[in-house]
Amino acid sequence: MSCIFWKILTGEAPANILYRDELVTAFRDIHPIARTHILIISNRHIDSVNQLEPGDEALVGHMVLVAKELAKQEGVAEHGYRLMINTGEHGGQTVPHLHLHLIAGKLARFLMG
Ligand code: 5GP
């Protein structure tokens, strides 16, 4: 599979991995748009929200709870943060592997797309 996130998951490509469990892996975005910009991705290959199915509720809920814990760990929980899942071309998705952005701090540039 040529997806860059798949390569990060398999260790073929480097990443600053902050967290990993049986369902998700989290690492810092290579082009952060704010001081804190972390990606929480599914360990299973899923192209986007469009490919989610009944039974994936636990995975999606877990992604949000991991984001909450990472926000706490980053010291941004109190002041707040954004959680974002871009979906498809018009949704600004550039990497076809399900991921949740955790973004906190002043935006360096506005969201693409
Ligand atoms: P999307 O635009 O699909 O919602 O988000 C993809 C994100 O992945 C972008 O914010 C982009 O900067 C990040 N990204 C793309 N390639 C890499 C990479 O090789 N390593 C890391 N850490 N992030 C990447």
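Residues numbered from 1 in each chain as written. Predicted model: local features only at pLDDT ≥ 70, side-chain atom pairs only at ≥ 80, totals over all residues. Heavy atoms only, no water.

Enquirer: Just to check I follow, could you spell out the layout of surface pockets for this structure?
Expert: Any empty space left between atoms is shown by rolling a water-sized probe over those atoms. Roughly 560 Å³ of volume is contained in the largest pocket. In terms of lining residues, the largest pocket is bounded by 26 residues, among which Asp29, Ile30, Leu39, Thr94 and His101 are the most central. Going through the elements one at a time, α1 (4-10), β2 (24-28), β3 (36-42) and β5 (99-104) are the ones with two or more residues in the lining of the largest pocket. Among the residues forming the lining of the largest pocket, the class breakdown is 14 nonpolar, 9 polar and 3 charged. (1 Å grid on protein atoms, 1.4 Å probe; cavity = no way out; pocket = protein on both sides within 12 Å on 5 of 7 lines; lining within 4 Å. Points joined across faces, edges and corners; volume = space filled by probe spheres on them. Helix = DSSP H or I, 4+ residues; strand = E, 2+ residues; numbered from the N terminus. Nonpolar A, V, L, I, M, F, W, Y, C, P; charged D, E, K, R; others polar.)

Enquirer: Quick question: what am I supposed to make of the site of the ligand here?
Expert: Around the ligand there are 16 residues in total, and Arg28, Asp29, Asn86, Thr94 and His101 lie nearest to it. When the ligand is considered free in solution it has 520 Å² of accessible area, and contact with the protein chains removes 84% of it. When atoms are counted within 2 Å of each cavity's grid points, the one that captures over half of the ligand is the largest pocket. The set of elements that each furnish at least two residues to the shell around the ligand consists of α1, β2 and β5. Top contributing element to the shell around the ligand by residue count: α1, with 3 residues. Classifying every residue of the shell around the ligand by side-chain character gives 7 nonpolar, 7 polar and 2 charged. (Near = heavy atom within 4 Å. Areas by Shrake-Rupley, 256 points an atom, 1.4 Å probe, with all protein chains shown as cover. Sits in = over half its atoms within 2 Å of the grid points.)

Enquirer: Looking at this structure, I do not really get the pattern of salt bridges. What am I missing?
Expert: Between side chains of opposite charge, a pair can form as their charged atoms come close. Inspection of every chain in the model, using the stated rule, returns 4 salt bridges. One salt bridge connects Arg44 with Asp56, and the closest N-O pair in it is separated by 3.1 Å. Within this pair, whereas Arg44 is found in the loop between β3 and α2 (57-74), its partner Asp56 is found in the loop between β3 and α2, the two being separated by 12 residues in sequence. Relative accessible area serves as the criterion here: at 7%, Asp56 is assigned to the buried category. Here Lys72 and Glu69 are joined by a salt bridge, their closest N and O atoms 3.5 Å apart. Note that Lys72 and Glu69 are positioned in helix α2 at a spacing of 3 residues, about one turn of the helix. Connected via shared salt-bridge partners are Lys68, Glu69 and Lys72. (Salt bridge = Lys/Arg side-chain N within 4 Å of Asp/Glu carboxyl O. Buried < 20%, exposed > 50% of the residue type's maximum accessible area, 1.4 Å probe, protein only.)

Enquirer: I tried to follow the pairing of β2 on my own but got confused; where do I start?
Expert: The side chains of a regular strand alternate, residue by residue, between the two faces of the sheet. When you tally the buried positions in β2, you get 4 out of 5 residues, the bulk of the element. Between strand β1 (residues 17-20) and β2, which pair antiparallel one after the other, the connecting turn spans 3 residues. (Pairing = 2+ DSSP bridges.)

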